[in-house]
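# What the coordinates show
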Amino acid sequence: FPLFFLALLLGFASLLWLQLSCSGEGPAPGGGQGRGGPRPPRPPQAPPLPAEDEPSWGPHRLALLVPFRERFEELLAFVPYMHRFLSKKRIRHHIFILNQVDHFRFNRASLINVGFLESGNDTDYIAMHDVDLLPLNEQLDYGFPEAGPFHVASPELHPLYHYKTYVGGILLLTKQHYEMCNGMSNRFWGWGREDDEFYRRIKGAGLQVRRPSGITTGYETFQHLHDPAWRKRDQKRIAAQKQEQFKVDQEGGLNNMRYRIESRTALSVAGAPCTVLNILLDCDTSETPWCTFG
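Residues numbered from 1 in each chain as written. Predicted model: local features only at pLDDT ≥ 70, side-chain atom pairs only at ≥ 80, totals over all residues. Heavy atoms only, no water.

### Examining the sheet that holds strand β1 (residues 62-68)
Taken in spatial order, the seven strands make up an open sheet running β5-β6-β3-β1-β2-β9-β8, and their pairing is mixed. Among the strands making up the open sheet, the edge pair consists of β5 (150-151) and β8 (259-269). As paired elements, strand β2 (residues 93-100) and strand β9 (residues 272-281) share five bridges and run parallel to each other. Residue pairing in the sheet places Q100 in a bridge with I279 of β9. Packed onto the sheet, helix α3 (residues 108-118) meets β1, β2, β3 (125-129), β8 and β9 and runs at close to 145 degrees relative to β1. (Pairing = 2+ DSSP bridges. Helix = DSSP H or I, 4+ residues; strand = E, 2+ residues; numbered from the N terminus. Contact = heavy atoms within 4.5 Å. Axes fitted to C-alpha atoms, helices over the stretch in contact; angles between N-to-C directions.)

Printed below as a string of structure tokens:
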């Protein structure tokens, strides 16, 4: 019996030693690193995206208004890029994707009007920002444009448009100045010309457009994501629209916006927050019959 119990005890001790050795919990030769050698280090975690609204950055907060329709591949690049860009510059901001979901032709100006009206009281200035235009130069100013409208994508820097009255692409205004202009005209259905009319509104309100200075990167200041071969722009003009496109709309703007918000959704794109407004615009076909595709 003593021999039997001694054999049983030795067997139990051997099993215990084997289990501890395999699990790496017991002592091992070579400095106690385990039988397989040193364990590989854990991969470092990606740094979290910065906050969009850090109060210590200053008293002003930007509403980044992005007119949008069906350009999802550009949106996926735009939102996280702009969130990082503005946060690095310590610009308090929120990104609003103004998604037109009705069956009328695209109306960039009306979408910006809606974004202005829906952006809330916690923002005090806006950026009218194309989704296919990314700033590459960190010296570009996105700060509060107290002195007047500030055209970030100036003709000297924009990769495509170089005429002196151009104010499209990226334009910053205080909310007070945008109201002084009565917003943008709602008569521009289809692509183009709405920003040219808005330039005249700015002048009519007694405001002076300012532009960046000291930027040396020229036409390499922005990355233009749009591929005209892949996504055609709606540049159709019917006869009446051709006559209207160079006129100043003396009556319309924020005061006669007609729309409905179908949904309002808070999203995160690759960790960057934004709000998507699904917008149904209304069109009076007796006033602007060119709002339909027919």
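Moving on, there is more to tell.
### Observations concerning α3
Judged by how many residues are buried, α3 sits mostly within the fold: nine of eleven residues are covered. Of the residues making up α3, those classed as buried are R108, A109, S110, L111, I112, N113, V114, G115 and F116. Positioned one or two residues after α3, G120 has a phi angle of 85 degrees, which is positive. (Buried < 20%, exposed > 50% of the residue type's maximum accessible area, 1.4 Å probe, protein only.)

### Things to note about the pattern of salt bridges
Enumeration according to the criterion identifies 13 salt bridges in this entry. The partner of R71 in a salt bridge is E74, with the nearest N and O atoms 2.7 Å apart. Here R71 matches E74 in class, with each residue buried. In this structure, E287 and R187 form a salt bridge, with 3.3 Å as the shortest nitrogen-oxygen distance. Placement of the pair is E287 in the segment after β9 and R187 in the loop between α4 (175-180) and α5 (194-204), with a sequence separation of 100 residues. What you see here is one network of salt bridges that share partners, running through R71, E74 and D132. (Salt bridge = Lys/Arg side-chain N within 4 Å of Asp/Glu carboxyl O.)

### What to know about the state of the cysteines
A covalent bond between the sulfur atoms of two cysteines is what we call a disulfide. Evaluation of the coordinates by the stated rule reveals one disulfide. Across a sulfur-sulfur distance of 2.0 Å, C283 and C291 are joined as a disulfide pair. The sign of the S-S torsion, about -90 degrees, decides the handedness of the disulfide formed by C283 and C291: left-handed. Each of the two residues, C283 as well as C291, counts as buried. (Disulfide = S-S within 2.5 Å.)

### Some thoughts on unusual backbone geometry
We note that E70 has phi near 60 degrees; this positive angle belongs to a residue other than glycine. Within the secondary structure layout, E70 lies in the loop between β1 and α2 (72-88). With a relative accessible area of 53%, E70 lands in the exposed category. At R90, a residue that is not glycine, the phi angle is positive and equals roughly 60 degrees. As for its position among the elements, R90 is in the loop between α2 and β2.

### Quick look at α2
The periodicity of an α-helix, 3.6 residues per turn, causes residues three or four places apart in sequence to face the same way. Its 17 residues place the ends of α2 24 Å apart at the C-alpha level, agreeing with the 24 Å of an ideal helix rising 1.5 Å per residue. Where α2 is concerned, the buried positions are E74, L75, F78, V79, P80, M82, H83, F85, L86 and S87. In this structure, the buried residues of α2 make contact with β1, β2, β3, β4 (133-135), β8 and β9. A positive backbone phi angle near 60 degrees is found at R90, which sits one or two residues after α2. (Expected span 1.5 Å × (residues − 1).)

### Focus on the confidence of the model for the chain
Confidence along the chain averages 84 in pLDDT terms, with 74% of residues attaining 70 or more. Note on residues 15-36: pLDDT under 50 across the span, and seven contacts to partners over four residues away in sequence or across chains. (pLDDT = per-residue confidence, 0-100.)

### Focus on the packing of aromatic side chains
As enumerated under the stated definition, the model contains nine aromatic pairs in all. With a centroid separation of 5.7 Å and an interplanar angle of 70 degrees, the aromatic rings of F85 and Y142 are classed as edge-to-face. Pair noted here: F85 is in helix α2 and Y142 is in the loop between β4 and β5, with a separation of 57 residues, a long-range link. In this pair, the class of F85 matches that of Y142, namely buried. One aromatic cluster is present, built from ring pairs that chain together Y81, F85 and Y142. Sitting over the face of the ring of F116, K175 holds its NZ or CZ atom 5.7 Å from the ring centroid. (Phe/Tyr/Trp six-rings, centres within 6.5 Å; stacked < 30°, edge-to-face > 60°. Lys NZ or Arg CZ within 6 Å of the ring centre and 35° of its normal.)

### Focus: the environment of R258
Examined against the element boundaries, R258 turns out to sit in the loop between α6 (239-244) and β8. Residue R258 is classed as partly exposed on the basis of its relative accessible area, which comes to 42%.

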